Amino acid sequence: MTSYSVSEASSVICKRDQKAYGNGNITSASLDPFKLATDSPKYAHFYYGVRIVTGSEKFAGTPDTDIYVSLVGSKACTGKMKIVSGWFSTGISAQYYDDLLVESSADLGEVLVVIIGNPANWVVSAGSAWFVDFVDVHDLQRKTKQEFPCYHWIEDGDEISFTEKTMTLKDVKNNPVLCRQREQQLEYQKARYKWEPFEDLALPSGIDVKVKKLPSDEQFGASKGFDFLSTALASKGTVMFKAAFTEIKSLANYEELATTLGAPAFSSFEFARWTRDEEFGRQILNGVNPVVIEKCTQLPPNFPVAANLIEESLVRGLSLEDEMKAGHIYICNLKVMDGITCQPGWYCAAPICLLYVNKKKQLIPIAIQLKQKPGSDNPIFYPTDNWADWLLAKLYYQSASTQFHQIATHYLPCHAAMEVYSMGTMRNLPDAHPVHKLLRPHFRYTMSINTKARDKLICDGGSIDKIFAIGGEGRKQLMRIGGKAYSIHWTNIERSVKERGVEDPNLLPGYHYRDDGLKIWKAIEDFVTDILNEFYASDEDVKGDSELQNWANDIYTNGFPGHQGSKQGHEFPNTIASKAQLMELCTLIIFTGSAQHAAVNFGQHEMYSYSPNAPPGLRLPPPTIKGKADMQTLLDTLPDKNSAALAVAISHMLSQFSGDELYFGNFPAERFTEAKAQNLIARFRKALDEIDGHIKERNAQLDVPYIYLLPSRIPNSITI
C-alpha cells in the first residue's frame, strides 16, 4: 500500500452489513441512512462508518475474500482492513452496498483518501474484478459525511485510491497526503495506458494492447459486449444467407437485400427517391458526410464547366458568375481520392460536383466531373444529359464519398482523435481533476470499440478492405493522406462552417447538420464555461496547473506526433495559455465524441444499405464518353450481391445503439459531488431537452426528418 505522511492507527472493522439497492441510478442521497453503531464504545477510540457501493453492471461484484479498505486522514490512517473474513463469508455482490463500522485507536482527522485493494488471489482470480461506484465515509464523532466517487474496476492485484472533492493541483499543493495520492494514481495509470504510434499510416496514436490487455475501465460492459457480438454475427449471417439465394437482375434485388435486417427509418429506394437531384443534394447536406460541401466563388481551373450547358438549371435567369456572387453555388471536391489504388476489378472516381440552391430552396447538382484532370476522356456530366449518364455520374460521386467518409470523416477525426484525448486524460489528469471529471463520460467504450475496429474492421483483410473498391492498399493511402492533413479543428463546427463558407442559413437553407450542430455546440460551450469557471479563477490558474500542461504536452507530443511530414500536434497546443483556450478545447472534445460522431455514424444504415444509393465500390471504370449508358450499364457497374450484402450488414451494425447506451447529458456516475456542479449539469440537461424539442417541431414539417443530432439520440461517447 502507498505510504502517506501520517501515522497508522490500530483499526478494525467490527461490524458489516449488506443491502441490495435494486436497479436504476444510485446516488448517495438516494440510499438509506447509515445505521451501524457500536454497542459498547471503547474509551479513547474513534468510530467511522464506511459505505461501499458496488456498481449495477453485470459481474460488478467479487467473490474474493482478501479485499480490503483503508482510510487516510489528515492526522492518521487505518492501514489495511479486510472487508470479508473467512472462506465461508459473503463476498461482494453487484447492486449491493456494504456498510462497515470501523473502530480506530486514533482520531483520523478529516478523511482525505480512501484506498481499496483487491490482492492477487490465484484461487479466485477469474472474475474477481470489482466495480465500485462510490464510498461514503461517516465520522460518527463529528457527525459528518463525505462522499468519495470511484467508478473504477478494481482488478485482481490492483489497489485504487480516490479522494472526495474536485480539485486542481493548486488546491492541494500544501497537502502532502493529497499530493502523494495524485502522484501515485498517475504513476499507476501511466503503467496501464501506454501509447502505440501508428507511424506507417500517419494516424494519431492509440493505446498499446500488445503487452497489456485493455484496462477493465475501458472494456465493454457485459451487456454491451454481448449486444455488439450478437449484432455483428447475426447481421452478417442473415444478409449473406439472403445473398446466397439472390440473383441481381434488377434494382429491386438490391432493395430485397437492403431490407433483410428491417427497413431503415428512411428508405432511399422508396419511390426511386435516390435518383432525384433534390435527394442527392439533401444527402450532401444531411447525410453521413455533411462536412465536404463548400461555397463556390470561383470554379477550379481543372473543372471547365460549360456555362451554356447549365443555363437550364440556373432558374433565376442569372449567369453562373452572378449566381456565385449571390451565394447560390456550392462545390464538393473529392480531390483527395485522386490516385488512390483500387482492387483489381473495382473502380473509384475522384469527382468534383457543382451544386445550386434553386428558387425552391433545394440544393441540386448541376455538373459532375469524375476525374481531376480535364480532357476529352473526362466529360463533365449535366442534368440535361441522358438519364443513365447523369445517374451514373451521381453514383460515382456517391461511391467516392462513401469511401472518403468512412476514413476521413468518421474514423480519423472522431474515433482516432477521441482515443488520443482519452489516453491523454487517463495518463495525466487524476480522477479529482475538474477536466478529468468533465471529459471522462465522453470516453466510455471508445478505446474498446477502436481496438476491435483495428482488429476486425480497418485492419489488413478486414471488412473495409473487402467491401470498398479501394481495398487494403487504397485504404492505407487514404489514411496517410488524411493523417497528414488532419487538424483537430475539423470537428469544430463553428470554425468548419465558416471556413467552408456555409454558415448562412439564408443562402444555404435546409442544412440541418449545421443548424442543429451549432445549437448543440453552444450548449456544450456554455456548460464547459460554467464548470471550468468554478475551478479556474484566472488565466494564471490555467497556466500554473502543471497537470493540465502535462496533459496538453502528452497529447501534442505522443497523441498527435508529426508522422511522415504532418504537423506535430495537428493544431492541438503543447501548452494551454488561457481559460478561453481550455474551454474551447474541452468543448471541441465533448462535441467530437458525442454530436459529431452521431452525425456521421448513425445514418449509415439509411445511406448505405441500398447499394445503388451509395455504392461501396463500382465494377466498371468511370465513363469516358456520353450517350452509351442504359439500365444494363447501371447494373453492370453496381457492386455484386456479396459486396452489397456485406454493405448492408456493416452499415446496420454500425448504426445500432446498445442496450446500456448513455445518451447526451445523462451522467449517472456522479463524479462531481459539489452541489453547484450538479446544478450546472441539470441546467445543461435542460438546455439539451429544449434543443431536442425544437428539432422535433422542425422535423414534423420535413419530408425526411433529420434525427441524427437529436440530443435524445446522441450517445455521450463513441460506443460503436
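Residues numbered from 1 in each chain as written. Predicted model: local features only at pLDDT ≥ 70, side-chain atom pairs only at ≥ 80, totals over all residues. Heavy atoms only, no water.

**What about the overall build of the chain?**
- The helix and strand inventory of the chain stands at 20 helices and 18 strands.
- The C-alpha atoms of the chain give a radius of gyration of 29 Å, which matches the 27 Å a tight globule of 720 residues would have.
- Once the C-alpha set of the chain is aligned to its principal axes, its extents read approximately 100 × 55 × 50 Å.
- Taken over 720 residues, the chain has a buried fraction of 59%.
- Summed over all atoms, the accessible surface of the chain reaches about 27900 Å², with 52% contributed by carbon and sulfur. (Helix = DSSP H or I, 4+ residues; strand = E, 2+ residues; numbered from the N terminus. Rg over C-alpha atoms; globule rule 2.2 N^0.38 Å. Buried < 20%, exposed > 50% of the residue type's maximum accessible area, 1.4 Å probe, protein only. Areas by Shrake-Rupley, 256 points an atom, 1.4 Å probe, with all protein chains shown as cover.)

**What to know about the side chain of Asn-253**
- Mapped onto the secondary structure, Asn-253 falls in helix 4 (residues 251-258).
- With relative accessibility at 11%, the residue Asn-253 sits in the buried group.
- Apart from the residues lying within four places of it in its own chain, the contact partners of Asn-253 are Thr-246, Glu-247 and Ile-248. (Contact = heavy atoms within 4.5 Å.)

**Considering the pattern of salt bridges**
- Tallying each qualifying case throughout the model produces 43 salt bridges.
- Salt-bridge contacts for Lys-42 lead to Glu-103; the nearest nitrogen and oxygen are separated by 3.4 Å. With Lys-42 in the loop between strand 2 (11-20) and strand 3 (46-54) and Glu-103 in strand 7 (residues 96-104), this pair connects stretches of sequence that are 61 residues apart.
- On the accessibility criterion, Lys-42 (48% relative accessible area) is partly exposed.
- Look at Glu-103 and you get buried, because its relative accessible area is 11%.
- For the salt bridge of Asp-465 with Arg-475, the shortest nitrogen-to-oxygen distance reads 2.6 Å. With Asp-465 in helix 10 (residues 463-467) and Arg-475 in helix 11 (residues 471-485), this residue pair connects regions lying ten residues apart in the sequence.
- You can call Asp-465 buried: its relative accessible area is 7%.
- For Arg-475, a relative accessible area of 2% gives the class buried.
- The network of salt bridges with shared partners includes Lys-75, Asp-107, Asp-139 and Arg-142. (Salt bridge = Lys/Arg side-chain N within 4 Å of Asp/Glu carboxyl O.)

**Here's the deal with the state of the cysteines**
- In this structure the tally under the stated criterion is zero disulfides.
- Of all cysteine sulfurs in the structure, the one in Cys-348 sits closest to Cys-342, which takes part in no disulfide; the separation is 5.2 Å. (Disulfide = S-S within 2.5 Å.)

**Details of the pairing of strand 7**
- Of all nine residues making up strand 7, eight are buried, and the element is well covered by its neighbours.
- As judged from the eight bridges shared by strand 3 and strand 7, these two strands associate in the antiparallel manner. From the neighbouring strand, Phe-46 faces strand 7, where its bridge partner is Ser-104. (Pairing = 2+ DSSP bridges.)

**Description of the packing of aromatic side chains**
- Inspection of every chain in the model, using the stated rule, returns 18 aromatic pairs.
- Ring plane angle 75° and centroid distance 5.9 Å describe the contact between Tyr-421 and Phe-560, whose orientation is recorded as edge-to-face. Taken together, the residues Tyr-421 in helix 7 (residues 387-428) and Phe-560 in the loop between helix 15 (546-559) and helix 16 (579-601) connect sequence positions 139 residues apart. Here Tyr-421 matches Phe-560 in class, with each residue buried.
- An aromatic cluster of at least three residues, connected via ring pairs, comprises Tyr-421, Tyr-486, Trp-490, Trp-551, Phe-560 and Phe-572.
- Looking at Lys-626, its charged tip hangs above the ring of Phe-381, at a distance of 5.6 Å from the centre. (Phe/Tyr/Trp six-rings, centres within 6.5 Å; stacked < 30°, edge-to-face > 60°. Lys NZ or Arg CZ within 6 Å of the ring centre and 35° of its normal.)

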